[in-house]
Number of protein chains: 2
Amino acid sequence: MNELPQRVSMREVGPRDGLQSEDPVPTAAKVELIDALSRTGVRRIEAVSFVHPRAIPQMADADDVWRQVTVAPDVTYSALVPNVRGAQRALAAGFTDLEVVVSASDTHNRANVNRSTDESVGELAELAELVHAGGATLQLIVSTAWGCPYEGDVSVEQVLRVARGGAAAGVDSLAYGDTTGMATPTRVTRLVGETRSALPGMPLGLHFHNTRGTGLANVYAALQLGVDDFDASVGGLGGCPYAPGASGNIASEELVYMLEDMGIDTGVDLEALIEVAGLAERLMGRQLPSQVLRAGPRTRTTAPTASA
Amino acid sequence: MNELPQRVSMREVGPRDGLQSEDPVPTAAKVELIDALSRTGVRRIEAVSFVHPRAIPQMADADDVWRQVTVAPDVTYSALVPNVRGAQRALAAGFTDLEVVVSASDTHNRANVNRSTDESVGELAELAELVHAGGATLQLIVSTAWGCPYEGDVSVEQVLRVARGGAAAGVDSLAYGDTTGMATPTRVTRLVGETRSALPGMPLGLHFHNTRGTGLANVYAALQLGVDDFDASVGGLGGCPYAPGASGNIASEELVYMLEDMGIDTGVDLEALIEVAGLAERLMGRQLPSQVLRAGPRTRTTAPTASA
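Numbers given for residues are sequential positions, taken from 1 along each chain in its written order. By the order in which they are written, chains take letters starting at A while ligands take numbers starting at 1. Reporting of local features is limited, given that this is a predicted model, to residues whose pLDDT is at least 70; pairs of side-chain atoms are given and counted only at 80 or more, and all residues count toward the totals for whole chains, interfaces and linings. Note that the side-chain values use all heavy atoms of the structure and ignore hydrogens as well as water.

You'll find chain A entered in an unreviewed UniProt entry as Hydroxymethylglutaryl-CoA lyase, with Haloactinopolyspora alba given as the organism. The UniProt entry for chain A carries the following text under Sequence similarities (unreviewed entry): "Belongs to the HMG-CoA lyase family." UniProt positions are given in the numbering used here, feature names are shortened, and annotations may be inferred rather than shown by experiment.

Encoded structure:
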């Protein structure tokens, strides 16, 4: 049997990636959610995105959100930036962990930022230099890493091309995003394995969506290759813009539940996290897709019913 | 990397295990569902349960359902029987594949059939003899194999005790049921491994519920141990009686989607199965938990949206 990591570092992305795909919520609700998350033992929170308000109105209040958050000393907060302008805003706001997204699929990248994948990769060196000069780190998130909703399959080579471009540009770490939930375990095993060969030593996090139900199976495949860095979203906040009603990111409490039951330390208090998932449901005013939020952890037993 | 099976035999349990946990539906709806499933390439369907109508009113029309089903020559239909009386009814109706459930958890077994686990195991030899004399086979399904909603943990030894009892009584195959979705991959690996050691050569199928989101991760863990026999329920029909709104069985179309994408042959036409999941939703009049039903297979691409 393959050896699994002893601990996993989860990045909570509900406040950014999750809320970006939901109906807009008030600034105060975002602040409440981030502050509640910071009290669960989660050590990394993707808090905001410094994108143009016209592009993603849900994130227009990034500066306000960040000003109102009660910064916890043991939590690292990160910000997504689409370009140099966004990075300048994030650095000015005091962020030390920045992320930039480039899609491995040309069609998807053009739809998002109106340039080809190669053009976006070509801008990474300037961005990395700016971020490093500001004393911060830059993570390259390669999106549509296991498939594109427009193009279908995305080859391992397409993904590695972007990853190599990022490494050459000086990014500090990589993450692969399964943007619309098209990964399955064998695809995960293949891409992670080839990345390890192509870019040994490069830190790699994985970002799965549960759009087709395979999210935790993909996590289990990655664990067996030693991956110990996963994104997840409280309550399963977020959705898939191309499939109404479909699930978004894997739910943080499902990830923590599975890992802790497998003896893998996450540092997160599961019951506290489930409470925050309940808060997220109330803030959104809709039922979120998390199963563990409905059923509770396996330690939550019930009284026997009458015999049949 | 562990080698995975080249093909998997899925047993569709929506008409029995799924519908048993749903509000009662008319006989005609059950017949329509079973007949639609038999045209998808599914080769095994758990069709009915011959339990006492007072125990499970949802299954009171088992004989009527079975009389009206259009039996497909390439499909094996199975029936669940609680005892000798049920087995006699099933054999009289012409079933050749019978299943009996014993819970590894004493409290759960008492709540279901008003006797201890050992008492139920003690009745298996008579049942197996009757079934074999009728020219049929008997599978022992060990429920609460990874945990009990009343007792919590269920030890591997408790499960093996029931499994060994079944083997000694002459049952033809085993299945382990994760009745309320308490399994995680390491637990699956442990129990399957110890069962293989304890009962080499005994056919073993697995029956997962997605109550806590780990269903397909558990399947992936089992595949790596060579398990090639899984239950699933179309649309994810069914639920958890102890957690309102929680998911039931793993959804058949999610299982087929994942396996086929991993290069494992199921013989099932995924698009046809998704159609039947849609039918199941219409028959039940509620949204079912299947993600693949919402999002479609990964081959279903969409047109690019306007650039942001």
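Now that the structure is up, let's keep going.
Student: Now, about the nonpolar core: what can you tell me, with residues and values included?
Tutor: By nonpolar core we mean a set of buried residues, namely Ala, Val, Leu, Ile, Met, Phe, Trp, Tyr and Cys, connected to one another through side-chain atoms within 4.5 Å. Remark: exposure states derive from per-residue accessible area (1.4 Å probe, protein chains only) relative to the maximum for the residue type, with buried under 20%, exposed over 50%, and partly exposed in between. Among the nonpolar cores identified, the biggest contains 202 residues, and Tyr176 and Leu206 of chain A together with Tyr176 and Leu206 of chain B are the most heavily contacted of them. In this structure, leucine 206 of chain B is in contact with Trp146, Tyr176, Val188, Val192, Ala222, Val227, Asp229, Phe230 and Asp231 of chain B, ignoring residues within four places of it in sequence. Residues are treated as being in contact if the distance between any of their heavy atoms lies within 4.5 Å.

Student: Pulling in residues and values, what's your account of the UniProt feature "domain: Pyruvate carboxyltransferase" (unreviewed entry) in chain A?
Tutor: UniProt annotation of "domain: Pyruvate carboxyltransferase" (unreviewed entry) refers to residues 8-274 of chain A when read in the numbering used here. Here residues 8-274 of chain A is 41% helix and 16% strand, with 18 Å between the C-alpha atoms at its ends. Numbered from the N terminus, helices here are DSSP runs of H or I no shorter than four residues, and strands are runs of E no shorter than two.

Student: Talk me through empty space enclosed by the protein; I want residue IDs and the actual numbers.
Tutor: Within this scheme a cavity is a closed region of a 1 Å grid, computed over the protein atoms alone, that accommodates a 1.4 Å probe without allowing it to escape, whereas a pocket is open but has protein on both sides within 12 Å along at least five of seven lines; lining residues each have an atom within 4 Å of a point. Grid points are joined across faces, edges and corners, and a volume is the space filled by probe spheres set on the points. Counted under the stated rule, the structure contains 5 cavities of 30 Å³ or more. Of the voids in this model, the largest cavity is the one considered here, and its volume is about 230 Å³. Residue lining of the largest cavity: 24 residues in total, with Asn210 and Gln291 of chain A together with Asn210, Glu254 and Gln291 of chain B positioned closest to the centre. Gly falls in the polar group here, along with every residue not listed as nonpolar (Ala, Val, Leu, Ile, Met, Phe, Trp, Tyr, Cys, Pro) or charged (Asp, Glu, Lys, Arg). The residue makeup of the lining of the largest cavity, split by class, is 7 nonpolar, 15 polar and 2 charged. Considered as a void within the structure, the second largest cavity measures approximately 50 Å³ in volume.

Student: Can you explain the pairing of strand S6 (residues 173-177) of chain B? Please cite residues and give values.
Tutor: Residue and element names in this part refer to chain B. Most of S6 is tucked away: 5 of the 5 residues are buried. You can see the chain leave strand S5 (residues 137-143), run along helix H8 (residues 156-169) and come back into S6, and the turn it takes is right-handed. A pair of strands is labelled paired if DSSP reports no fewer than 2 bridges between them. Across 4 bridges, S6 lies against strand S7 (residues 204-207) in parallel orientation. What sits directly across from alanine 175, in S7, is glycine 205. For the segment spanning S6, helix H9 (residues 185-198) and S7, crossover handedness is right-handed. If you view a crossover with the strands going away from you and the path from the first strand over the helix to the second runs clockwise, you call it right-handed.

Student: If you had to explain the interface of chain B and chain A to someone new, which residues and values would you point to?
Tutor: Chain B puts 61 residues into the contact, and the matching count from chain A is 61 residues. Note on terms: buried area is the combined drop in 1.4 Å-probe accessible area of two parts once they are placed together, counting the loss on both. A combined buried area of about 4,500 Å² lies between chain B and chain A, and 57% of that area is made up of carbon and sulfur atoms. Considering only the side of chain B, the residues that lose the most area to chain A are Arg212, Gln291 and Arg298 of chain B, jointly responsible for 16% of the buried surface there. One side-chain nitrogen of Lys or Arg within 4 Å of one carboxyl oxygen of Asp or Glu is enough to make a salt bridge. At the junction of chain B and chain A, the tally comes to 4 salt bridges. Aspartate 153 of chain B is the salt-bridge partner of arginine 298 of chain A, the closest N and O atoms lying 2.4 Å from each other.

Student: Could you give me a rundown of the environment of aspartate 172 of chain B, with the residues and numbers involved?
Tutor: All names here are of chain B. Position of aspartate 172 among the secondary structure elements: in the loop between H8 and S6. When the C-alpha atoms of aspartate 172 and histidine 132 are compared, they prove to be 9.5 Å apart, with 40 residues separating the residues in sequence. Apart from the residues lying within four places of it in its own chain, the contact partners of aspartate 172 are His132, Thr137, Leu138, Met202 and Pro203. Side-chain atoms alone can form a polar contact between residues adjacent in sequence; in general such a contact is a pair of N or O atoms within 3.5 Å, and within protein one must be able to donate a hydrogen while the other accepts it. Only 2.7 Å separates the side chain of aspartate 172 from the side chain of histidine 132, close enough to count as a polar contact. Separated by 2.7 Å, the side chain of aspartate 172 and the backbone nitrogen of leucine 138 make a polar contact.

Student: So what about the sheet that holds strand S4 (residues 97-103) of chain A? Which residues, and what values?
Tutor: All names here are of chain A. Sheet architecture is closed into a barrel: 8 strands sit in the order S1-S2-S3-S4-S5-S6-S7-S8, paired in parallel fashion. Taken over all neighbouring pairs, the strand axes of this sheet differ in orientation by 30° on average, direction set aside. Sheet topology places strand S7 (residues 204-207) next to strand S8 (residues 229-232); 2 bridges connect them, and they run parallel. Residue pairing in the sheet places leucine 206 in a bridge with phenylalanine 230 of S8. Note on geometry: axes are C-alpha line fits, over the in-contact stretch for helices, and angles between N-to-C directions span 0 to 180 degrees.

Student: For the pattern of salt bridges, give the residues involved together with the corresponding values.
Tutor: For the structure shown, the criterion picks out 40 salt bridges over all chains. Ionic pairing is found between arginine 300 of chain A and glutamate 271 of chain A, a salt bridge with its closest N-O pair at 3.3 Å. Of this pair, arginine 300 of chain A sits in the segment after helix H13 (291-295) while glutamate 271 of chain A sits in helix H12 (residues 270-284); the two residues are 29 residues apart in sequence, bridging distant segments of the chain. Relative accessible area serves as the criterion here: at 42%, arginine 300 of chain A is assigned to the partly exposed category. Note that arginine 11 of chain B and glutamate 99 of chain B form a salt bridge whose closest N and O atoms lie 3.0 Å from each other. Here arginine 11 of chain B, found in strand S1 (residues 9-12), pairs with glutamate 99 of chain B, found in strand S4 (residues 97-103); they are 88 residues apart in sequence, far enough to count as distant. We note that arginine 11 of chain B, like glutamate 99 of chain B, is buried. It is possible to trace a salt-bridge network through shared partners that takes in Asp153 and Arg187 of chain A together with Asp261 and Arg298 of chain B.

Student: Outline H12 of chain A, supporting the account with residue identities and numerical values.
Tutor: All names here are of chain A. One fewer than the residue count of a helix, multiplied by 1.5 Å, yields its expected span. For H12, with 15 residues, the first-to-last C-alpha span of 21 Å sits near the 21 Å given by 1.5 Å per residue. Of the residues making up H12, those classed as buried are Leu270, Leu273, Ile274, Val276, Ala277, Gly278, Leu279, Ala280, Glu281 and Met284. Those residues of H12 hidden inside the fold are in contact with strand S1 (9-12), helix H1 (14-20), helix H2 (27-37), helix H11 (252-261) and H13. The distance from a side-chain oxygen at the start of H12 to the backbone nitrogen of glutamate 271 is 3.1 Å, and the residue carrying that oxygen is aspartate 269. Directly after H12, the chain includes glycine 285, whose backbone phi takes a positive value near 70°.

Student: Any chance you could break down the relation of the copies chain B and chain A for me, citing the residues and the numbers?
Tutor: When the copies are superposed, the least-squares fit takes in the C-alpha atoms of residues with a pLDDT of at least 70 in both. Overlay of chain B on chain A (RMSD 0.0 Å): rotation 180°, translation along the axis 0.0 Å. What we have between these two chains is a two-fold relation. Every residue of chain B has its C-alpha some distance from the rotation axis, and the shortest such distance is that of alanine 217 of chain B, at 1.8 Å. Mapped onto chain A, 100% of the interface residues of chain B again fall at the interface, so both copies present the same surface.

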